[in-house]
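Structural description and commentary
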Amino acid sequence: MSVIQTIRDKYIGLVIGAIIVALIGFLVMDAMQSNVRSIFGGDQTLLAEVNGQRIDYKKYEALRGRYEENMKSRSKDGSLSDAERSQVNEQVWNDIINETVMQGEIEALGIDLTDKELQDMETGQFPDPMIRQNFTDPNTGIFDAARVSQYISSLGQDKTGEARKQWREFEEGLIKNRKSTKYTELITKGIYFPKFLVEEMVKQRSSVASVNYVQLPYTLISDSSVKISDEEIKAYMQKRERIFKTQDDNARIEYVAFDIKPSTEDTAASLGVLNGLRAAFDSTKDNEDFVAKNSEENIREFYFNESNLEVPVPADVVNSAIGAVSGPFYYNGSYKMVKVLDKKSMPDSVKASHILVAVTKDRTEAQAEAIADSLMAQVQGGMDLAMLASTRSDDQGSAKKGGDLGYFPQGAMVAEFNDVCFNGKTGDLKKVKTQFGFHIIRVTDQKDFKPSVKIAPVTKALVAGNATIQAAFAKANEFVSTAKDAKGFDESSKKFGKDKRNVPNINKTMSVIPGLGSAREVSRWAFEAKIGDVSPVFNLDDKCIVAKLMDRQEKGVLPSVESIRPQIEGMLIQEKKGQMLIKQYGSKASLEEIAMAAAQTVKTADTVILAGGGNSEIAYEAKVLGAAFNKANLNKKSAGIPGDQGVYFIFVKSQTPGTVNAADPGMMMERMQMEAGARSMAQNMLSYVLKKRAVINDNRSNFY
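Residues numbered from 1 in each chain as written. Predicted model: local features only at pLDDT ≥ 70, side-chain atom pairs only at ≥ 80, totals over all residues. Heavy atoms only, no water.

**Considerations on the overall build of the protein**
In plain terms, the rule: What counts as a helix is a DSSP run of H or I of at least four residues, what counts as a strand is a run of E of at least two, and both are numbered from the N terminus. For this measure, only C-alpha atoms enter the radius of gyration; the expected value for a globule follows 2.2 Å times N^0.38, where N is the number of residues. Throughout this description, buried means an accessible area under 20% of the type-specific maximum (1.4 Å probe, protein chains only), exposed means over 50%, and partly exposed covers the range between. Whether two residues are in contact is decided by their heavy atoms: any pair within 4.5 Å suffices. Residue-level accessible areas treat just the shown protein chains as cover; the underlying method is Shrake-Rupley with a 1.4 Å probe.
Along its length, the protein carries 24 helices and 18 strands. Its C-alpha atoms give the protein a radius of gyration of 35 Å, more than 25% over the compact-globule value 27 Å for 704 residues. Classification of the 704 residues of the protein by burial places 38% in the buried group. Here the analysis covers contacts within the protein between residues at least 6 apart in sequence; of these, 70% occur between residues at least 24 apart. Surface exposure of the protein reaches about 40000 Å², of which carbon and sulfur atoms provide 52%.

Here it is, written out as structure tokens:
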């Protein structure tokens, strides 16, 4: 007991300290293990978080795949360039963000759709447009709600469950769209223009002033005589923080380029290939097989005339005999030979109208063709194609014009559509299938018939060979070996005689960089390197580059003076010039004195409208318009007014206030037009505003 008591008396502090240390150690170890789990076993498919809502990588990929396939189906060769692929990526990202932020707003406001509302959308008096489109009787063109009910009832007989799944997805789309419409209408229908504001706008359009004025253009002072300091740029940004704060993490680089240009040896190699094929091309009977095996370009079902045949002297080819071979010759980056396969007189352009019945997720090819056959029969029976197109065509752009596509040249449409229009004759009515669905086409006019030829092309692109590429790469590597840091980069640029090029606003996920093309590795490096670092050699499509990281900024901060100067400096120079011109000429007693001193002329504008507009050069100078209707300026020379095009001094001769007749029935129409314009603007801005307010954690750079 005495031992225990001794421990209690003498070592209790030590024991308590040991326990505390053990507890802290346990907590630290747990935290470290948690971090390790987070790093090595975290959320591997978290693409982004939007207002706390998880965006899964797989969802993004699935949608991106669908978008890419859709764009490929619309391209002539079924492929996408790097720029087009980048465009798809951004479109998918924006669509997912917009949908997520909108859904969050809908849930927060408790916007819902009842079963009765959904029933009305499907079988009610005013069905949803998608329902109407898919359940309109192809023979009569009339929507039949009973067909919807019959289809829904038949889903119970679907043993595979596939039809029920498709219908459920279709309904979910209807519900989502209707909720979004409700949210949008909560905002747009709350927009109201009060009577006094409408009257004021009407008054401004009828308020007229008469003025004399002198314009002193900013070019009277040279840019080089005006200096803008870093502090002035900072002050300008700080007053306008909301405008200039960065919207995303971004980086700025400088780079030097070592161009990869085909050498004389590369030219000889490309030309030599075609020279070696010339005799065989002359004698072959199977032109399609020969072109398929030896050419980088395919035979097109297309007749060319002198205006669109891509050869150095089109007339020589058009006037040559069938079977004649021209070339090799250099044209548009390739060496080329062409053989004339056929000749005929073809229209240079065609005018046509059409009805498109699209194949969609909710309409099979067989269903689309049945609808197209029904529409074809109706037109053949005398029904107006324009009327049917306006109500039944899925091409909404031409439907508004009764299906009229106007005049278009060869190649403007997909091949099947092109063949009907250019190989047929005026008045033809044809049904044709394309990648978009089924078309009912009427050729309404063909004009400017010209001699045309169908050709077999054999092309070999003039590209840099391996030796040329390696030479450029070696030169770039030599540059890197002497440019170890920022100072070395600048010195080596002078030594190698290379101009440094600046690229601002590179973001983390940028795959196509202005001036560089496809350069994902460059943007990735820009966010891994330190400021002042020099990059390794990047081998791009037509050049090798070496970059220096100049600057990098996080989202929500003001940009550096160096990066923003090109954008702001011009505005500040103009502002300073305005002050200098006002100081130099403002003390003159009259417009005539100002004009004489500045070698300008006094001009007159007798119909200056407060709301703007007209032919006068001051018609869109807002500050000048305001001064023209300021009663303090009546019958006197104004102070200098800095405008967009220069500094103005005005003398107001008369002011006639506008009038308004509150009883005029047109006032109601005026208000309706103002409200419609404001609602349209609000609807267009809605997704932008919601996205700007959202808290977005973007992890795309971890995946791409």
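Alright, that's what it looks like, and here's the rest.
**Some remarks on the pattern of salt bridges**
Counted only if it meets this: When a carboxyl oxygen of Asp or Glu lies within 4 Å of a side-chain nitrogen of Lys or Arg, that pair is called a salt bridge.
Taken as a whole and judged by the stated rule, the model has 41 salt bridges. Residues Lys 460 and Glu 296 are paired through a salt bridge, measuring 4.0 Å at the closest nitrogen-oxygen approach. With Lys 460 in strand β9 (residues 437-461) and Glu 296 in the loop between α12 (287-294) and α13 (314-318), the pair connects residues that are 164 residues apart, well separated along the chain. Owing to a relative accessible area of 30%, Lys 460 belongs among the partly exposed residues under this scheme. The residue Glu 569 makes a salt bridge to Arg 565 at a minimum N-O spacing of 2.9 Å. Taken as a pair, Glu 569 and Arg 565 lie in helix α21 (residues 561-585) at a separation of four residues, close to a single helical turn. The network of salt bridges with shared partners includes Glu 61, Arg 64, Glu 68 and Arg 85.

**Examining the nonpolar core**
To keep things clear, this is the line we draw: Buried Ala, Val, Leu, Ile, Met, Phe, Trp, Tyr and Cys residues that are joined via side-chain atoms within 4.5 Å together make up what is termed a nonpolar core.
In terms of nonpolar packing, the biggest core is built from 23 residues, with Leu 216, Ile 233, Ile 568, Leu 581, Tyr 585 and Phe 649 touching the most fellow members. Of all elements in the fold, only β3 (208-217), α9 (230-239), α21, α22 (591-598) and β17 (646-656) reach the threshold of two or more residues within this core. Ranked by the residues each element gives to this core, the list is headed by α21, at seven residues. Those residues in contact with Leu 216 that sit more than four places away from it in its chain are Leu 581, Tyr 585, Ile 594, Ala 598, Gln 600, Gly 646, Val 647 and Phe 649.

**As for the packing of aromatic side chains**
Threshold: Working definition: a ring pair exists when centres of Phe, Tyr or Trp rings (six-membered ring for Trp) sit within 6.5 Å. Plane angles under 30 degrees give stacked, over 60 give edge-to-face, the rest tilted.
Tallied over the entire structure, the rule returns 17 aromatic pairs. Pairing Phe 281 with Phe 290 gives two aromatic rings, centres 5.3 Å apart and planes at 15°, and the pair type is stacked. Summarising the burial analysis for this pair, Phe 281 and Phe 290 share the class buried. An angle of 55° between the planes, with centres 4.6 Å apart, marks the rings of Phe 302 and Phe 304 as tilted. Residue class for Phe 304 comes out buried when judged on its relative accessible area of 12%.

**As for the layout of surface pockets**
Rule in force here: Only protein atoms enter the calculation, which uses a 1 Å grid: trapped sets of points that fit a 1.4 Å probe without letting it out are cavities, open sets showing protein on both sides within 12 Å along at least five of seven lines are pockets, and any residue with an atom within 4 Å of a point is a lining residue. Grid points are joined across faces, edges and corners, and a volume is the space filled by probe spheres set on the points.
Of the volumes computed, that of the largest pocket is approximately 1800 Å³. As for the largest pocket, its lining consists of 47 residues, and the residues nearest its centre are Leu 63, Arg 66, Tyr 67, Asn 70 and Lys 361. For the lining of the largest pocket, the secondary-structure elements that each account for two or more residues are α2 (57-74), α3 (82-109), α7 (162-188), β6 (334-358) and α24 (666-693). When residues in the lining of the largest pocket are grouped by element, the largest group, ten residues, is from α3. If you add up the space inside the second largest pocket, you get close to 840 Å³. Looking at the second largest pocket, it is lined by 28 residues, and the ones nearest its centre are Gln 247, Asp 248, Lys 555, Lys 691 and Ile 696. Going through the elements one at a time, α3, α10 (241-244), α24 and β18 (696-698) are the ones with two or more residues in the lining of the second largest pocket.

**Structural notes on the sheet that holds strand β13 (residues 538-539)**
Selection rule: Paired strands are those between which DSSP finds at least two bridges.
Strand order in this open sheet of four strands is β10-β4-β14-β13, and the pairing throughout is antiparallel. One side of each edge strand has no neighbouring strand; the edge strands of this open sheet are β10 (501-506) and β13. Where β13 meets strand β14 (residues 543-553), two bridges bridge the pair, whose relative direction is antiparallel. Counterpart to Phe 538 in the pairing with β14 is Ile 545.

**Here we look at the sheet that holds strand β15 (residues 603-609)**
Here we have four strands laid out as an open sheet, ordered β15-β3-β17-β16, and antiparallel in their pairing. Bordering the open sheet on either side are β15 and β16 (641-642), each of which pairs with just one other strand. Here β3 pairs with β15 via five bridges, running antiparallel. Directly across from Val 211, in β15, lies its bridge partner Ala 605.

**Overview of a nonpolar patch on the surface**
Using the following cut-off: Only residues above 30% relative accessible area that lack a salt bridge enter a patch, with like-charged residues linked at up to 9 Å and the nonpolar side chains Val, Leu, Ile, Met, Phe, Trp and Tyr linked at up to 5 Å.
A contiguous nonpolar surface patch, about 410 Å² in accessible area, is contributed by Met 681, Met 685, Tyr 688 and Val 689. Its place among the elements puts Met 685 in helix α24. Assessed through its relative accessible area of 40%, Met 685 is described here as partly exposed.

**Some details on unusual backbone geometry**
The step from Gly 327 to Pro 328 runs through a cis peptide bond, and the omega angle for that step is 5°. Relative to the assigned elements, Pro 328 resides in strand β5 (residues 325-331). Here the phi dihedral of Asn 51 falls at roughly 50°; this positive angle occurs in a residue that is not glycine. Relative to the helices and strands, Asn 51 resides in the loop between β1 (46-50) and β2 (53-56). For Asn 505, which is not glycine, the phi torsion reads 55° and is therefore positive. On the basis of relative accessibility, which here comes to 55%, the residue Asn 505 falls in the exposed class.

**Here we look at the pairing of strand β4 (residues 250-259)**
Every regular strand shows the same layout, with side chains that alternate between the two sheet faces. In terms of burial, β4 is a largely internal element, nine of the ten residues being buried. Note: β4 against β14, ten bridges, orientation antiparallel. When the bridges of β14 are listed, Asp 259 appears paired with Lys 543.

**Details of the confidence of the model for the protein**
The line we're drawing: pLDDT is a per-residue confidence score from the predictor, ranging from 0 to 100.
Across the protein, pLDDT averages 88, with 92% of residues at or above 70. The low-confidence segment residues 1-41 (pLDDT under 50) makes four contacts with residues lying over four places distant or belonging to another chain.

**Description of the environment of Leu 113**
For Leu 113, the position within the fold is in the loop between α3 and α4 (115-123). With relative accessibility at 11%, the residue Leu 113 sits in the buried group. Residues Leu 113 and Lys 182, spaced 69 residues apart in sequence, show a C-alpha to C-alpha distance of 9.5 Å. Beyond its immediate chain neighbours, meaning those up to four positions away, Leu 113 contacts Leu 118, Met 121, Ile 175, Arg 178, Lys 179 and Lys 182.

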